[in-house]
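One-letter residues, chain by chain:
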Amino acid sequence: GLSPGVQHLLDIILLRLQRQDDLAIASSEPGHKISRECDLVRRYIDNHFKENLTLDQLSAIATNKYYLVHAFRKEYNISPISYLISRRTQESRFLLTNTDYTLSQIAQILGFSSPSYFSQSFRRLEGMSPWSTANATGTHRKNTRSVDKEFFAMAYLPCFPSVHPRAGDLYR
């Protein structure tokens, strides 16, 4: 079989060709086209949730943004942007409990437009503030868990060397 990355690229190419030439690729199941496009968008969000994604960017994978929102909600019972925020919030829980990054740093790393929007989104989904979550575990800012700072710098900060004071040293 093909590697997942190659399969993903082939899926995108086939969808583009199908739309461009109005080709009708026969499917054995009626809802297959919606599933495939929604799956591609979901995988794209999962792989790029740290970036500044917009509905217009995501709709480049699907037919148009209105169709995407409708199909994605029908398929996953959540809008694409809500899924993106949920994915970022899920990752923020890990960062809050396992690193000593500030809320501002976490918001920037995960692609939130501002720390206040991050806090608002987190509170809406989790029912408590990010700061309360970090303090409840007792790990944030106390460094009680063994966390490999070099790993986090490489995994989360390649585009944000200013976020962590030592991150810039890793790339010199």
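Residues numbered from 1 in each chain as written. Predicted model: local features only at pLDDT ≥ 70, side-chain atom pairs only at ≥ 80, totals over all residues. Heavy atoms only, no water.

### Quick notes on the overall build of the protein
Helix and strand counts for the protein stand at 10 helices and 0 strands. Reading the secondary structure of the protein in the N-to-C direction produces α-α-α-α-α-α-α-α-α-α. Looking at the protein as a whole, 36% of its 172 residues are labelled buried. Long-range contacts, defined here as pairs at least 24 residues apart, represent 58% of the contacts in the protein between residues at least 6 apart. Per element, the accessible surface of the protein, about 10200 Å² overall, is 54% carbon and sulfur. (Helix = DSSP H or I, 4+ residues; strand = E, 2+ residues; numbered from the N terminus. Buried < 20%, exposed > 50% of the residue type's maximum accessible area, 1.4 Å probe, protein only. Contact = heavy atoms within 4.5 Å. Areas by Shrake-Rupley, 256 points an atom, 1.4 Å probe, with all protein chains shown as cover.)

### Observations concerning the pattern of salt bridges
When the charged atoms of two side chains lie near each other, side chains of opposite charge can form a pair. Scanning all chains against the criterion turns up 7 salt bridges. The partner of Asp39 in a salt bridge is Arg42, and the shortest N-O contact between them spans 2.6 Å. Taken together, the positions of Asp39 and Arg42, both in helix α2 (residues 32-48) and 3 residues apart, correspond to about one turn of that helix. Note on Arg42: relative accessible area 22%, which makes it partly exposed. Close ionic contact of Lys65 with Asp56 constitutes a salt bridge, the shortest N to O distance being 3.2 Å. Judged by relative accessible area, Lys65 falls into the partly exposed class, the value being 27%. (Salt bridge = Lys/Arg side-chain N within 4 Å of Asp/Glu carboxyl O.)

### Digging into the nonpolar core
Among the nonpolar cores identified, the biggest contains 26 residues, and Val41, Ile45, Ile106, Leu110 and Phe118 are the most heavily contacted of them. Taken together, the elements giving at least two residues each to this core come down to α2, α4 (65-76), α5 (80-98), α6 (103-109) and α7 (115-126). With residues near it in sequence (within four places) discarded, Val41 still touches Leu58, Ile61, Leu68 and Phe72. (Core = buried A, V, L, I, M, F, W, Y, C linked by side-chain atoms within 4.5 Å.)

### A look at unusual backbone geometry
The backbone of Asn77 shows a phi angle near 60 degrees, a positive value even though the residue is not glycine. For Asn77, the location among the structural elements is in the loop between α4 and α5. On the basis of relative accessibility, which here comes to 68%, the residue Asn77 falls in the exposed class.

### Overview of the packing of aromatic side chains
Overall, the coordinates contain 5 aromatic pairs when judged by the stated rule. Ring centres of Phe112 and Phe118 lie 5.1 Å apart, and the angle between their planes is 50 degrees; on these two criteria the pair is classed as tilted. Under the relative-accessibility criterion, Phe112 is labelled buried at 6%. Counting every residue linked through ring pairs, the aromatic cluster contains Phe112, Tyr117, Phe118 and Phe122. The ring centre of Phe112 lies 5.6 Å from the NZ or CZ of Arg88, which sits over that ring. (Phe/Tyr/Trp six-rings, centres within 6.5 Å; stacked < 30°, edge-to-face > 60°. Lys NZ or Arg CZ within 6 Å of the ring centre and 35° of its normal.)

### A look at the environment of Ala134
Relative to the helices and strands, Ala134 is located in helix α8 (residues 130-137). Distance from Ala134 to Arg93, taken between C-alpha atoms, is 8.0 Å for residues 41 residues apart in sequence.

### Description of the packing of α5 against α7
In the contact formed by α5 and α7, the axes pass within 10 Å of each other and the chain directions differ by 95 degrees. Taken together, the axis directions place α5 and α7 in an arrangement best described as roughly perpendicular. From α5, Ile85, Ser86, Thr89, Ser92, Arg93 and Leu96 reach across to α7, where they touch Tyr117, Phe118, Ser121, Phe122, Arg124, Leu125 and Glu126. Looking at side-chain class alone, the contact of α5 with α7 contains 6 nonpolar, 4 polar and 3 charged residues. (Axes fitted to C-alpha atoms, helices over the stretch in contact; angles between N-to-C directions. Parallel < 35°, antiparallel > 145°, perpendicular 65-115°, else oblique. Nonpolar A, V, L, I, M, F, W, Y, C, P; charged D, E, K, R; others polar.)

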